[in-house]
Amino acid sequence: MGKFEIKTRKNGEFQFNLKATNGQVILTSEGYKTKASCLNGVESVKKNCQDQKRFDVKVASNGKPFFNLMASNGQIIGSSQMYANDTNMKNGIASVMKNAPQAEIIDLTEEK
């Protein structure tokens, strides 16, 4: 089963990573000012990841594909890594759809 890890960035903002069962990061959030808003982001991933239309596929300037998971309001909830090819990127989307709904939340921050 996957897991969300919440951590504090060097600038004091909160961020989550969704990790697959094998420990690979499959989705990373933007920075949040508060832990509560970061947790809301996690819940948004769980809610939106089951809708294929919420995955916005992109190609980086280096030609590598990646995706953003979008909320219903059009905001980016999380972004993937850059993938070597479209097949690997599609597998990444499938992994988010599989792992996120039941993923546990691990709090790695100082502020408990």
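Since we're looking at a predicted model, the values are computed, not measured. (Residues numbered from 1 in each chain as written. Predicted model: local features only at pLDDT ≥ 70, side-chain atom pairs only at ≥ 80, totals over all residues. Heavy atoms only, no water.)

Novice: Can you break down helix α1 (residues 35-48) residue by residue, with the values?
Specialist: The first and last C-alpha atoms of α1 sit 20 Å apart over 14 residues, in line with the 20 Å expected at 1.5 Å per residue. For α1, the full list of buried residues reads Lys35, Cys38, Gly41, Val42, Ser44, Val45 and Asn48. For α1, the angular spread of buried residues about the axis comes to 170 degrees, placing them on one side. Projecting away from the buried face of α1 at angles above 90 degrees are the exposed residues Asn40 and Lys47. Lining the buried residues of α1 we find β1 (3-8), β2 (14-19), β3 (25-29), β5 (65-70), β6 (76-79) and β7 (104-107). (Helix = DSSP H or I, 4+ residues; strand = E, 2+ residues; numbered from the N terminus. Expected span 1.5 Å × (residues − 1). Buried < 20%, exposed > 50% of the residue type's maximum accessible area, 1.4 Å probe, protein only. Arc of directions from axis to C-beta. Contact = heavy atoms within 4.5 Å.)

Novice: With reference to specific residues and values, describe helix α2 (residues 86-99).
Specialist: Between its terminal C-alpha atoms α2 stretches 20 Å, which fits the 20 Å expected from 14 residues at 1.5 Å a residue. Looking at the buried residues of α2, the elements they touch are β2, β3, β4 (55-59) and β5. Among the residues of α2, the N-terminal cap falls to Asn85, whose side-chain oxygen and the backbone nitrogen of Thr87 are separated by 3.2 Å. (Polar contact = N/O pair within 3.5 Å; in protein donor to acceptor, adjacent residues only side chain to side chain.)

Novice: For the pairing of β5, give the residues involved together with the corresponding values.
Specialist: Residues in a regular strand project their side chains so that they alternate between the two faces of the sheet. With six of six residues buried, β5 is to be regarded as a mostly interior element. Residues Pro65, Phe67 and Leu69 line one face of β5 and the alternating positions Phe66, Asn68 and Met70 line the opposite face, and both faces are buried. Both β5 and β6 contribute to a ladder of three bridges, which runs antiparallel. Bridging from a neighbouring strand, Met70 pairs with Ile76 of β6. A loop of five residues connects β5 with β6, the two strands running antiparallel in sequence, and Gly74 in this loop sits at a positive phi of about 90 degrees. (Pairing = 2+ DSSP bridges.)

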